[in-house]
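Overview (structure and organization)
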Amino acid sequence: MPTTTKRSRGPLAVGLVVVVIAAIVVAFLFTRKSNQAASTPTSAVLGSAVPQNVLARVTNIPESVLTKVGVNPSLVSPPQVVKGGKPLVQNGKPELLYVGAEFCPYCAAERWAIVGALSKFGTFKGLELMESSSTDVYPNTNTFSFVHASYTSKYLTLVTREIETRTHAPLQTLTTQENDLLNLYDVPPYVPTTADSGSIPFVDFANKYVIDGASYSPQVLAGLNWQTIAATLSDPTSPVAQAVGGAVNEVTATVCAITHNHPGSVCKTPLIQGLQKKL
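Residues numbered from 1 in each chain as written. Predicted model: local features only at pLDDT ≥ 70, side-chain atom pairs only at ≥ 80, totals over all residues. Heavy atoms only, no water.

1. A look at the pairing of strand β9 (residues 157-162)
Two faces, one strand: in a regular strand the side chains alternate between the faces of the sheet. The buried count for β9 comes to five of six residues, which makes it a mostly enclosed element. In this structure, strand β4 (residues 93-100) lies alongside β9, joined through six bridges in parallel fashion. Of the residues in β9, the one forming a bridge with Y98 is T160. (Buried < 20%, exposed > 50% of the residue type's maximum accessible area, 1.4 Å probe, protein only. Helix = DSSP H or I, 4+ residues; strand = E, 2+ residues; numbered from the N terminus. Pairing = 2+ DSSP bridges.)

In structure tokens:
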């Protein structure tokens, strides 16, 4: 297990269902772009489409690199097994639920792994550039936002919720069912203590496995822009590829476990089969 702190506390209290007044939501959506622009570094336009050279590299990490990287348990934590959970299914396919926030540096790190892994099973559209909060730990971690993204796959359904903006304004609201899942699986024993309940990122793999907190430390991405992170993913000797690639491998193996090893071209490699046995 990594020794670094690996989670952010969201505004989610156990047993609380988030309620947002419609008028506030409308006003916020109208002003969100201008608020982000005011805090956007001059080097990038947050909320703009991910450049093609970045997108191509993160969605097509070479298999040779991922094989060489494997998973270093001192850098990357695996998902945890959920026992007794009712299967989470949508549209006849297993559902993967992601809950995070744009301000959260740990969510920033996890999105690189989620995009890299899920691109093996389907296609993302509408990913946007984002940075974590400038005032949080690991400030301005370069990442993506799922707010306006869509994902299509024959094998699973992806549901994403970004609950706050980079500046902690409310963004997307959890449904009652989604909030209930956090109350079940984002509490002890899945997190160390009651004080860690509601940690983000939270990733639920069809109520069979969960990630509570980032799979690796955002520190590995510190000071790197999107282009550098994406380019470095092809170098298996780099700390970025070892951390992000290791997390991609863990997420891939976990998704394969809920899709019954479909597609075989992704799931039946020796690396992924080996990781599944350790889940």
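Moving on, there is more to tell.
2. A few points about helix α5 (residues 176-185)
Looking at α5, one finds that the buried residues are E178, N179, L181, L182, N183 and Y185. Looking at the buried positions of α5, the neighbouring elements they touch are β4, β9, β11 (202-205) and β12 (209-212). (Contact = heavy atoms within 4.5 Å.)

3. Some thoughts on the packing of helix α4 (residues 105-118) against helix α7 (residues 239-258)
Taken N-terminus to C-terminus, the directions of α4 and α7 make an angle of 55°; their axes are 8 Å apart at the nearest point. Comparing their axes, α7 and α4 come out oblique. When the axes of α4 and α7 are compared, the crossing they make is right-handed. When α4 is examined against α7, the residues E110, W112, A113, G116, A117 and L118 are found in contact with a partner set consisting of V244, A247, V248, V251, T252 and V255. Its residues assigned to classes, the contact of α4 with α7 comprises nine nonpolar, two polar and one charged. (Axes fitted to C-alpha atoms, helices over the stretch in contact; angles between N-to-C directions. Parallel < 35°, antiparallel > 145°, perpendicular 65-115°, else oblique. Left-handed = near helix turned anticlockwise from the far one by under 90°. Nonpolar A, V, L, I, M, F, W, Y, C, P; charged D, E, K, R; others polar.)

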